[in-house]
Amino acid sequence: MPDDRASLLAQYQRVRAQTEALAAPLSAEDQTVQSMPDTSPAKWHRAHTTWFFETFLLGEFKPDYEPVHPDYAFLFNSYYEQAGPRHSRSHRGLITRPGIAEIAAYRAAVDERMADLLETVPDSQWTAVEERVTLGLHHEMQHQELLVMDVKHVLSCNPTSPAYAPPTAAASGTIAPQSWVSFDGGLVDVGHRGNDFAFDNEGPHHQMFLRPYRLSSRPVTCGAWLEFMADGGYSRAELWLSEGWATVQAEEWEAPLYWQETEDGSGWEHFTLNGRQPVDPRAPISHVSYFEADAFARWTGFRLPSEAEWEVAVNGSAIEGQFLEDGAIEPLPAFSGTARQASGLDQAWGTVWEWTQSPYSAYPGFRTPAGALGEYNGKFMVNQMVLRGGCAWTPKQQLRSSYRNFFPAGSRWHCSGLRLAQDADGPHV
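If you're wondering where the values come from, they're calculated on a predicted model, not measured in any experiment. (Residues numbered from 1 in each chain as written. Predicted model: local features only at pLDDT ≥ 70, side-chain atom pairs only at ≥ 80, totals over all residues. Heavy atoms only, no water.)

Engineer: With reference to specific residues and values, describe the pairing of strand 6 (residues 268-272).
Structural biologist: With four of five residues buried, strand 6 lies mostly within the body of the structure. Of the pairings in the sheet, the one linking strand 5 (residues 259-261) to strand 6 comprises three bridges and is antiparallel in character. Residue pairing in the sheet places Trp 259 in a bridge with His 270 of strand 6. Hairpin connection, strand 5 to strand 6: the antiparallel pair is bridged by six residues, and Gly 265 has positive phi, about 75 degrees. Where strand 6 lies against strand 7 (residues 275-278), four bridges are found, and the strand directions are antiparallel. Paired with His 270 across the strands is Gln 277, a residue of strand 7. The antiparallel hairpin formed by strand 6 and strand 7 contains two residues in its connecting segment. (Buried < 20%, exposed > 50% of the residue type's maximum accessible area, 1.4 Å probe, protein only. Helix = DSSP H or I, 4+ residues; strand = E, 2+ residues; numbered from the N terminus. Pairing = 2+ DSSP bridges.)

Shown next as structure tokens:
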């Protein structure tokens, strides 16, 4: 097999094996439960990513291809209308069959066929296949992060607070001091450019004008959030957007997701991938919604950055931080002397996704690609907010300065936190 084909096959096998490794600690029951409509069962993630390769690679580049099972396209299509009918997203937890053994067999069968495709596809189709496989691998890496965060939500619903992974040693060290990092404004470059992989929503590359600004040197900590709560942050309507305040009241929010007071009322604990643990005031806050992030920023007198401010701040910096490759563990504090730096910012990459004040919308000149794969990103460009930087469960290979994540403003089961911003002529305190 030529080197380029062998290299892509090796990458394919590594990514697919990582998904199986993430599912390995889970029982059949763990992998079947759907704890709310926004989450999906672990075995569904395993099957859907396999359906993606079967549908968009084998089905398109293998003449007279016959699917592994006639029902799987209906069961494991997610939202691709042009790919055919599909099972309701909110009812994925009712798919008790096929079981995890059959899903494993499905993955193995498609992997075998994909290996054959990469070896035998004509040279005239190789570039198209290579591009499509690369998209499929990045798609699967997205689902690896989703699998972890969905499993955390599933396990949190169990009254015994079971751990996904064994407890890790308590982090030790002194948190890095908070400061402000200044950035010039002017005409700046935004969006992906170059020949390496990027999703369609990361372009086109364009220019825009920014005023000079400052970003906090590190994400907001749990300790700062405790101060916000102690000052009545969840009961002060003046801090909240109207829809956010309505959500606080309807959902009876009093703290971030997974937090609860200790039985003796002496403090706070939260559910983690390692079971229930005391809240570490040094750790970055996570599992907060856009509404909460915005309210906290108002409470401090500062604001959230725009996604362009975030992107310009990290452009050219090495992508170093806490990622899925480090093990599926909770976000760690930014310790003095050991925190990775990006343009003077601690934990800009990995650890927690950072909410921005930017709505998720198309860049100037964006055009939705033709075909079913054109549904990947473009049709979700409404009623969502952009997050940047990745989290502790994001594969490092996924990230670029132009990478755009997005969620509805009221969602918070994902590993999301925030970094404060201010205009350059702000108080600089």
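Once the structure has been displayed, the description carries forward.
Engineer: Report on the side chain of His 48, specifying residues and quantitative values.
Structural biologist: If you trace the backbone, His 48 turns up in helix 3 (residues 42-61). Excluding anything up to four places from it in sequence, His 48 contacts Phe 76, Asn 77, Ser 78, Tyr 80, His 139 and His 143. (Contact = heavy atoms within 4.5 Å.)

Engineer: Please set out the sheet that holds strand 10 (residues 353-359) residue by residue, giving values where relevant.
Structural biologist: With mixed pairing, four strands are arranged side by side in an open sheet as 12-11-10-13. Looking at the sheet topology across the chains shown, the edges are occupied by strand 12 (405-407) and strand 13 (416-417). Here strand 11 (residues 385-388) runs beside strand 12; their pairing, made up of three bridges, is antiparallel. Within the sheet, the bridge partner assigned to Val 386 lies in strand 12 and is Phe 406.

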